[in-house]
Amino acid sequence: MTRPPYSREPADSDRAQPITPTLGLWDAASIIVGIVVGTAIFKTPRMVFLNVTGPWQALGVWLMGGLLSLIGSLCYAELATTYPRSGGDYHYLTKAFGRWMGFLFGWAQLAVILTGSIASMAYAFADYGVQLWGAEAGEVTATLWLAAGSIVGLSVVNLLGVVVGKSVQNVLSAVKILGLVGIFMAAVLCSSRGSFESAGSPEGPGLGLALVFVLYAYGGWNDAAFVAAEVRGRQRNLPLALFLGIGLITVIYLLVILAYMVVLGFDGARASETPAADLMQRVVGDWGRSIISGLVMVSALGAINGLILTGSRIYASLGADHVIFARLASWDQRRGAPAAALIAQGVIALLLVLAVGTAVGRQVIDTTLQAIRLPALPWEEYYGGFETLVAGTAPVFWGFFLLTGIALFVLRQRDPHRHRPFTVPLFPLPPIIFCGMCLYMLHASLTYAKGLAIIGLLPLAVGVPLYALSQWRGRAQHASRVE
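Note that the coordinates shown come from a computational prediction; the quantities given were computed from them, not determined experimentally.

A. Region of interest: the overall build of the protein chain. Counting its secondary structure elements, the protein chain contains 18 helices and zero strands. In summary, the protein chain has a C-alpha radius of gyration of 22 Å against a globular reference of 23 Å for 483 residues, a match within 12%. Reported as C-alpha extents along the three principal axes, the dimensions of the protein chain are approximately 80 × 55 × 45 Å. Out of the 483 residues belonging to the protein chain, those deemed buried represent 57%. Of the contacts made within the protein chain by residues no fewer than 6 positions apart, 82% connect residues no fewer than 24 positions apart. Carbon and sulfur atoms provide 66% of the accessible area of the protein chain, an area that totals close to 19400 Å². Each charge class in the protein chain was averaged separately, 31 positive and 25 negative side chains, and the resulting centres sit 11 Å apart.

Below you can see the structure in the form of structure tokens.
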């Protein structure tokens with residue numbers, strides 16, 4: 001007897017979705033590099049420098065972030081090659097904990113987490129674009145148009161198909177890698193040298209907070225698992241892509257951080273809010289800031305495109321398994337793109353740009369929260385606007401990350417005879433370390449966000465009745481077919 005559609009477990013392969021593997025090793029690695037290397041390497045170094053004692057500790061904490069990410073990638077390599085369905089974490093959480101957990105993950109990503117990241121990167125792209133082109137009159141309007149244009153443009157690129165989407169990703173990733181290496185080369189060629197000596201002790205809480213900012217800068221490498229079903233030779237190429245991508249990012253980050261300290265000195269890098277721009281200005285003059293603005297824009301575009309490409313696969317899988325989102329499962333078979341999911345994702349990201357990026361939108365959000373007896377959001381804190389959104393959703397992000405690590409243990413126990421093309425070496429040590437990292441980051445993000453965590457928790461709570469409604473509709477449809 002077959003199980004009804006509303007209660008069946010998702011298949012391990014995408015029989016419901018016409019997916020043809022088209023991504024090679026570099027394509028998958030390029031997605032990782034493109035998503036991870038966004039704007040954080042230009043913004044967070046100062047916060048790291050403020051919480052370490054000197055240059056070697058600064059380099060050490062960035063290296064530690066890369067090693068912890070590499071350990072986490074071992075867990076994802078096993079999960080992605082063992083359960084190679086499109087959607088990554090969505091599928092692992094569903095298999096390990098039940099349909100309700102996968103539903104909440106997919107819904108939270110669509111409602112605010114991943115779409116919020118897209119909107120945040122789009123706004124960063126627009127902010128630097130306005131600075132680069134010197135748009136003074138109508139600056140807010142120009143920023144909104146640039147942010148919206150980047151989302152619409154790259155969504156259209158991915159609607160044209162995975163081949164077009166991956167090609168754009170490869171170009172953007174290559175440009176940003178060359179640009180970041182260029183920063184290091186500029187430091188090598190610069191005749192001016194700063195002092196590696198520190199004039200004082202850490203100005204922040206210390207190494208623990210530094211690691212929080214570093215791990216934030218490494219965030220996003222796991223998104224490659226969302227497109228696992230589309231990677232050619234995934235049993236070999238997906239683990240290699242994770243290791244190659246994270247290894248390349250770690251080397252680049254270390255070179256850039258070293259460049260900041262070589263040219264500006266440790267205390268100079270600690271004092272600079274824009275170390276990359278200050279470095280390039282010292283090397284090539286005023287043109288340096290324009291060069292860095294252009295590089296940040298390319299980095300932001302690479303992150304947006306990678307998030308759009310990978311995130312849409314979550315929603316397509318969500319739609320294939322849950323009646324209420326069934327329309328999101330629609331794929332353009334000729335181009336190999338989840339068209340409905342891409343459109344829905346783009347629309348919500350645009351709404352977030354308008355809601356968070358404008359005074360009117362923020363006022364509407366505050367009024368809505370106050371109507372349900374919740375406090376207004378502290379928009380001016382946490383660096384304002386989209387940084388507030390990212391800080392508020394971080395606890396939910398790290399909570400799901402932790403659950404994915406736990407899912408590896410659950411699925412090993414529940415599915416012991418399943419063939420695992422890649423197994424985590426030295427099991428269970430790496431997943432224990434990974435889960436410990438996630439638990440630490442969950443605690444740190446809750447401590448940092450405080451009441452702001454409502455931004456992520458509220459959509460998650462809304463997902464509970466949505467899941468109940470989806471189950472009810474599924475039962476009703478099944479009953480009508482039986483009759």
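Now that the structure is up, let's keep going.
B. Quick look at the nonpolar core. Counting residues in hydrophobic clusters, the biggest one holds 154 residues, and the most contacted among them are Phe42, Trp62, Ile183 and Tyr260. Counting residues per element, this core draws most heavily on helix H6 (residues 99–133), which supplies 18 residues. Here Trp62 is in contact with Ile41, Thr44, Pro45, Val48, Val214, Ala217, Tyr218, Tyr253, Leu254 and Ile257, once residues within four sequence places are set aside.

C. Structural detail: the layout of surface pockets. In this model, the second largest pocket occupies a volume close to 590 Å³. Lining the second largest pocket are 23 residues; nearest its centre among them are Val112, Leu352, Ile365, Leu458 and Pro459. For the lining of the second largest pocket, the secondary structure elements donating two or more residues are H6, helix H14 (339–357), helix H15 (359–371) and helix H18 (454–482). Residues belonging to the lining of the second largest pocket are distributed by class as follows: 21 nonpolar, two polar and no charged.

D. The arrangement of unusual backbone geometry in detail. Of the consecutive residues Phe427 and Pro428, the connecting peptide bond is found in the cis state with omega at 10°. Inspection of the secondary structure puts Pro428 in the loop between helix H16 (385–414) and helix H17 (429–449).

E. Geometry of the pattern of salt bridges. Inspection of the entire model under this criterion finds eight salt bridges. A salt bridge links Arg420 to Glu78, with the nearest nitrogen and oxygen atoms 3.2 Å apart. Taken as a pair, Arg420 in the loop between H16 and H17 and Glu78 in helix H4 (residues 55–82) lie far apart in primary sequence, 342 residues in all. Assessed through its relative accessible area of 14%, Arg420 is described here as buried. Using a relative accessible area of 1% as the deciding quantity, one classes Glu78 as buried. By sharing partners, the salt bridges in this structure join Glu78, Arg412 and Arg420 into a single network.

F. Focus on empty space enclosed by the protein. Scanning the entire structure with this criterion turns up one cavity of 30 Å³ or more. Of the voids in this model, the largest cavity is the one considered here, and its volume is about 50 Å³. As for the largest cavity, its lining consists of Ser69, Leu215, Tyr218, Gly219, Gly220, Trp221, Asn222, Phe397, Trp398, Phe401 and Met437. No other element matches H16, which puts three residues into the lining of the largest cavity. In terms of residue class, the lining of the largest cavity is built from seven nonpolar, four polar and no charged.

G. Molecular detail of H6. In a regular helix each residue adds 1.5 Å, so 35 residues correspond to 51 Å; H6 covers 48 Å between its end C-alpha atoms and thus fits that length. The largest bend in H6 amounts to roughly 60° and is located at Gln109. For H6, a buried count of 28 out of 35 residues is recorded, marking the element as mostly surrounded by other parts of the structure.

H. Expanded view of the packing of helix H5 (residues 89–97) against H16. It is the contact of H5 with H16, at a shortest axis distance of 8 Å, that shows an interaxial angle of 50°. Between H5 and H16, the crossing angle belongs to the class labelled oblique. Pair H5 / H16 crosses with left-handed handedness. Contacts from Asp89, Tyr92, Leu93, Lys95, Ala96 and Phe97 in H5 reach Phe400, Phe401, Leu403, Thr404, Ile406, Ala407, Val410, Leu411 and Arg414 in H16.

Rules behind the numbers
Residues numbered from 1 in each chain as written. Predicted model: local features only at pLDDT ≥ 70, side-chain atom pairs only at ≥ 80, totals over all residues. Heavy atoms only, no water. Helix = DSSP H or I, 4+ residues; strand = E, 2+ residues; numbered from the N terminus. Rg over C-alpha atoms; globule rule 2.2 N^0.38 Å. Buried < 20%, exposed > 50% of the residue type's maximum accessible area, 1.4 Å probe, protein only. Contact = heavy atoms within 4.5 Å. Areas by Shrake-Rupley, 256 points an atom, 1.4 Å probe, with all protein chains shown as cover. Lys, Arg positive; Asp, Glu negative; His and termini not counted. Charge placed at Lys NZ, Arg CZ, Asp CG, Glu CD. Core = buried A, V, L, I, M, F, W, Y, C linked by side-chain atoms within 4.5 Å. 1 Å grid on protein atoms, 1.4 Å probe; cavity = no way out; pocket = protein on both sides within 12 Å on 5 of 7 lines; lining within 4 Å. Points joined across faces, edges and corners; volume = space filled by probe spheres on them. Nonpolar A, V, L, I, M, F, W, Y, C, P; charged D, E, K, R; others polar. Salt bridge = Lys/Arg side-chain N within 4 Å of Asp/Glu carboxyl O. Expected span 1.5 Å × (residues − 1). Bend = angle between axes of the 7 residues up to and from the residue. Axes fitted to C-alpha atoms, helices over the stretch in contact; angles between N-to-C directions. Parallel < 35°, antiparallel > 145°, perpendicular 65-115°, else oblique. Left-handed = near helix turned anticlockwise from the far one by under 90°.

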